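Chain by chain, the residues:
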Amino acid sequence: MDFKRCNRCGNFFVSENNLCYECEVKDRADIAKLNNILFNSSNINSINELSATSGVNPTNINRFIDNNFISF
């Protein structure tokens with residue numbers, strides 16, 4: 001296996017995934033939080049509003065949308 005750079009934190013790691021283990025755990029928690037907010041709230045109209053409500057960085061929200069982990 002080769003060294004990879006984590007898509008979330010930028011640290012180098014060795015794995016089959018695109019994220020280091022710590023960021024995989026953070027991503028799962030963020031995705032669950034975002035899906036919960038989107039499911040329970042109908043007044044979220046932008047990524048910036050979702051970020052402000054959830055505390056999740058807009059860059060990560062966009063990455064989750066691009067990878068179909070959440071949908072607006």
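All values reported here derive from a predicted model rather than from experimental measurement. (Residues numbered from 1 in each chain as written. Predicted model: local features only at pLDDT ≥ 70, side-chain atom pairs only at ≥ 80, totals over all residues. Heavy atoms only, no water.)

J.: Sorry, what's going on with the overall build of the protein chain here?
T.: Across its full length, the protein chain holds three helices and two strands. Within the protein chain, the fraction of its 72 residues that count as buried is 32%. Within the protein chain, contacts between residues at least 6 apart in sequence are counted, and of these 26% link residues at least 24 apart. Element-wise, carbon and sulfur atoms account for 47% of the exposed surface of the protein chain, whose accessible area totals about 5,000 Å². Taking the 7 positively charged and 8 negatively charged side chains of the protein chain as two groups, their mean positions are separated by 4 Å. (Helix = DSSP H or I, 4+ residues; strand = E, 2+ residues; numbered from the N terminus. Buried < 20%, exposed > 50% of the residue type's maximum accessible area, 1.4 Å probe, protein only. Contact = heavy atoms within 4.5 Å. Areas by Shrake-Rupley, 256 points an atom, 1.4 Å probe, with all protein chains shown as cover. Lys, Arg positive; Asp, Glu negative; His and termini not counted. Charge placed at Lys NZ, Arg CZ, Asp CG, Glu CD.)

J.: I keep staring at the nonpolar core and nothing clicks. Help me out?
T.: Grouped burial of nonpolar side chains is what soluble globular proteins tend to show. Judged by nonpolar contacts, I31, L34, I37, L38, I44, L50, V56, I61, F64 and I70 together constitute the single largest core of 10 residues. Within the residue set of this core, elements represented by two or more residues are α1 (21-40) and α3 (58-66). Ranked by residue count, the leading element in this core is α1, at four residues. For F64, the residues in contact, after removing those within four places along its chain, are R8, D27, D30, I31, L34, V56, F69 and I70. If you look at the next biggest cluster of nonpolar residues, it comprises five residues, including C6, F13, L19 and C20. (Core = buried A, V, L, I, M, F, W, Y, C linked by side-chain atoms within 4.5 Å.)

J.: Help me understand the packing of α1 against α3, please; the structure alone is not making it clear to me.
T.: Relative placement of two packed helices is described by the angle separating their axes and the distance separating the axes. Two elements in contact, α1 and α3, have axes separated by 11 Å at closest approach and are oriented at 85°. When the axes of α1 and α3 are compared, the pair comes out roughly perpendicular. Residue-level inspection shows D27, D30, I31 and L34 of α1 in contact with α3, the latter providing I61, R63 and F64. Split by residue class, the contact of α1 with α3 holds four nonpolar, no polar and three charged. (Axes fitted to C-alpha atoms, helices over the stretch in contact; angles between N-to-C directions. Parallel < 35°, antiparallel > 145°, perpendicular 65-115°, else oblique. Nonpolar A, V, L, I, M, F, W, Y, C, P; charged D, E, K, R; others polar.)

J.: Would you take a moment to explain helix α2 (residues 47-54) for this structure?
T.: Structurally, the α-helix is built with 3.6 residues per turn, so residues lying three or four positions apart point the same way. Residues L50, S51 and S54 constitute the buried set of α2. Across the axial projection of α2, the buried residues extend over an arc of 100°, all falling on one side. Away from its buried face by more than 90 degrees, α2 exposes N48 and A52. In this structure, the buried residues of α2 make contact with α1 and α3. (Arc of directions from axis to C-beta.)

J.: So what exactly am I meant to see when it comes to α3 here?
T.: The complete set of buried residues in α3 reads N60, I61, R63 and F64. One face of α3 carries all of its buried residues, which in axial projection span an arc of 160°. The outward face of α3, more than 90 degrees from its buried face, is lined by the exposed residues T59 and D66. One or two residues past the end of α3 sits N68, with phi positive at roughly 60°.

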